[in-house]
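Analysis of the macromolecular model
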Amino acid sequence: MKLRRGNRIRLLRNVEEYFPALEREIDAAASEIFLETYIFEDDDTGQRIAAALMRAARRGVLVHLMIDGFGSHLFPEAQRRQLLESGVQLLVYRPELWTFRIKSTRLRRLHRKLAVVDGRIGFCGGINIIDHGDLRGNAPPRLDYAVSVEGPLVADMYAAARTLWIRTAWTQLRRQWRPLAKPALSVEPRGAQRAEFLVRDNVRHRHDIEEAYLRAIARARREVVIANAYFLPGRRFLKALCDAARRGVQVTLLLQGRMEYVLVHYASRALYRELLDAGVQIHEYTRNFLHAKVAVVDDSWATVGSSNIDPVSLLLAREANVVVRDRRFVRELRGSLMDAIESGARPVQRERWARMGLAMRMATGAAYALLRLLTGISSYGRAQDFI
């Protein structure tokens, strides 16, 4: 993907900023909407966004909704019927779930959280269509981010969404649907920010997101800050972080502190000793669940998207990230991450981790070995860096 100039990019923190912005643009849509998400729940948030999509379809907007067959496997039939009856076009990406045959293709999920409205504004990030907080108000929402994009970069986001929709529709023989609208993209400059739109797929862009991270880390001179929900990097990525720390770059990781998935929780901790010994600072977010997939490098590079730093995201899933090269944006994202570290995270002490008991060492080692084995089996030999 190309570096595009002339964009206006807004950082959206958590669901409080993201969903009002998304709903507002859906309600303002005049011709066409693409919305992709891994999870679309039938909760308050899901019903709210579904209602906005149905309102748009009823006034003649061509609405394309794509959900993942695994992440949204609980999507209720009643809600599906309501959407279709209102005119929303709905596709399920890889709807197959449980069979007696084990195929690695079932792990190739649609993990992107992407929206494009009227070819005029796009959204990209890590936020699913789901309630992210405690509805009783007893806990803050999950820590997560998205961006809204206006300007030339929207053309790349639109092309990605349109292409995947066409390919998936033809695969499922949905040729009777209304044809796609002719793109009327608003690509004139809307700001002064430079940015790239990166995807990960299984064809031409298998390593684009990972390579963007590695280039930025290799060029870092002062600071690298990464917040990632599911952190299990391959050897190249791990080496890049350790090398940066050893040459004097302050490398800070904000990782999941609460146990969400047992195997990933213990496997990621098998890497702590090596990172801490190299001088990497690790903080575990405990205020609520961490769902962010963002990073900043020095004062000139940042990324916000859906890609975790783990084998599923980097080898199998369809992902999308926006890379922003703008000092003001980088400062804003960095400030938010520093606030999260200060107010909701605990530092991992090297001395305490060095004294980790035998039971914990065995648990983390076994989890890491099992995940490496599963990665090798599921990736058709493309996972040399992870095994």
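Each remark here, short or long, concerns the structure printed above.
Below or above, wherever it landed, is the structure these notes cover. Owing to the predicted nature of the structure, the values given are computational and were not obtained by experimental measurement.

Thresholds applied
- Numbers given for residues are sequential positions, taken from 1 along each chain in its written order.
- Only residues with pLDDT of 70 or above have their local features reported here, since the model is predicted, and side-chain atom pairs are shown and tallied only from 80 upward, although totals for entire chains, interfaces and linings are computed over all residues.
- Excluded from the side-chain calculations are hydrogens and water; all other atoms, namely the structure's heavy atoms, are used.
- For helices the rule is a DSSP run of H or I covering at least 4 residues; for strands it is a run of E covering at least 2, with both sets numbered from the N terminus onward.
- Between buried and exposed lies partly exposed: a residue is buried under 20% and exposed over 50% of the maximum accessible area for its type, with that area taken using a 1.4 Å probe on protein chains only.
- Note on contacts: a residue pair is in contact if any heavy atoms of the two residues lie within 4.5 Å.
- Criterion used throughout: strands pair if DSSP finds at least two bridges between them.
- Given the number of residues in a helix, its expected span is that number minus one, multiplied by 1.5 Å.
- The axes are straight lines fitted to the C-alpha atoms, using for helices just the contacting stretch, and the angles between their N-to-C directions are given from 0 to 180°.
- The scheme is simple: roughly parallel for angles under 35 degrees, roughly antiparallel for over 145, roughly perpendicular for 65 to 115, oblique for anything else.
- The hand of a helix crossing depends on one turn: near helix anticlockwise from the far one by less than a right angle means left-handed, and clockwise means right-handed.
- Side-chain atoms within 4.5 Å are what join buried Ala, Val, Leu, Ile, Met, Phe, Trp, Tyr and Cys residues into a set we call a nonpolar core.
- Working definition: a ring pair exists when centres of Phe, Tyr or Trp rings (six-membered ring for Trp) sit within 6.5 Å. Plane angles under 30 degrees give stacked, over 60 give edge-to-face, the rest tilted.
- Ring-over charges, as used throughout, are those where CZ of Arg or NZ of Lys falls within 6 Å of the ring centre and within 35 degrees of the ring normal.
- A 3.5 Å cut-off defines polar contacts: any pair of N or O atoms within that distance qualifies, except that in protein one atom must be a possible hydrogen donor and the other a possible acceptor, and neighbouring residues in sequence count only when both atoms are side-chain atoms.

Side note on the environment of Arg 4
- Summarising the element assignment, Arg 4 is placed in strand E1 (residues 4–13).
- On the basis of relative accessibility, which here comes to 25%, the residue Arg 4 falls in the partly exposed class.
- Sequence separation of Arg 4 and Gln 193 is 189 residues, and the distance between their C-alpha atoms is 8.3 Å.
- For Arg 4, the contacting residues outside a window of four places in its chain are Pro 152, Leu 153, Asp 156, Gln 193, Arg 194 and Ala 195.

Some points on the pairing of strand E11 (residues 281–285)
- In terms of burial, E11 is largely enclosed, as four of its five residues are buried.
- Here five bridges tie strand E10 (residues 250–256) to E11, and the two strands are oriented parallel to one another. Bridging across to E11, Thr 252 finds its partner in Gln 281.
- Direction of pairing for E11 relative to strand E15 (residues 345–347): antiparallel, over a ladder of three bridges. Across the sheet, Tyr 285 pairs through a bridge with Ala 345, a residue of E15.

Here we look at helix H5 (residues 208–219)
- Look at H5: 17 Å from first C-alpha to last across 12 residues, which is about the 16 Å you get at 1.5 Å a residue.
- Those residues of H5 that sit buried are Ile 209, Glu 210, Ala 212, Tyr 213, Leu 214, Ala 216 and Ile 217.

Considerations on the packing of H5 against helix H6 (residues 235–246)
- Where H5 contacts H6, the axes come no closer than 10 Å and their chain directions differ by 15°. The angle between H5 and H6 falls in the class roughly parallel. In this structure, H5 crosses over H6, and the sense of that crossing is left-handed. Between H5, through Glu 210, Glu 211, Tyr 213, Leu 214 and Ile 217, and H6, the contact on the second element is made entirely by Arg 236, Phe 237, Ala 240, Leu 241 and Ala 244.

Focus on the nonpolar core
- One finds Tyr 145, Val 147, Phe 197, Leu 254, Phe 329 and Leu 333 to be the most contacted residues of the largest nonpolar core, which totals 46 residues.
- For this core, the element with the most residues is helix H4 (residues 153–171), which contributes nine residues.
- Grouped together as the second largest cluster of nonpolar side chains are 38 residues, Ala 216, Phe 231, Leu 238 and Leu 255 included.

Some points on the packing of aromatic side chains
- According to the stated counting rule, one finds six aromatic pairs in the structure shown.
- Centroid distance Phe 34 to Tyr 158: 5.6 Å. Interplanar angle 85°. Geometry classified as edge-to-face. Separated by 124 residues along the polypeptide, Phe 34 in strand E2 (residues 32–37) and Tyr 158 in helix H4 bring together distant segments of the chain. As far as the burial class goes, Phe 34 and Tyr 158 line up, both buried.
- On the basis of an interplanar angle of 90° and a centroid distance of 5.4 Å, the ring pair of Phe 40 and Phe 75 is categorised as edge-to-face. Linking Phe 40 in the loop between E2 and helix H2 (44–58) with Phe 75 in the loop between strand E3 (62–68) and helix H3 (77–86), this pair joins segments that are 35 residues apart in sequence. With respect to class, Phe 40 is no different from Phe 75; both count as buried.
- The structure contains a cluster of three or more aromatic residues connected by ring pairs, namely Tyr 18, Phe 19 and Phe 123.
- Here the guanidinium or amino end of Arg 258 rests over the ring plane of Phe 289, the centre of that ring lying 5.8 Å away.

A closer look at the side chain of Asp 201
- Among the secondary structure elements, Asp 201 is positioned in the loop between strand E8 (193–200) and H5.
- A polar contact of 3.0 Å, which involves the side chain of Asp 201, links it to the backbone nitrogen of Val 203.
- Within the structure, Asp 201 has its side chain in polar contact with the backbone nitrogen of Arg 204 (distance 3.3 Å).
- Filtering out sequence-adjacent residues up to four positions away, Asp 201 remains in contact with Arg 206 and Arg 318.

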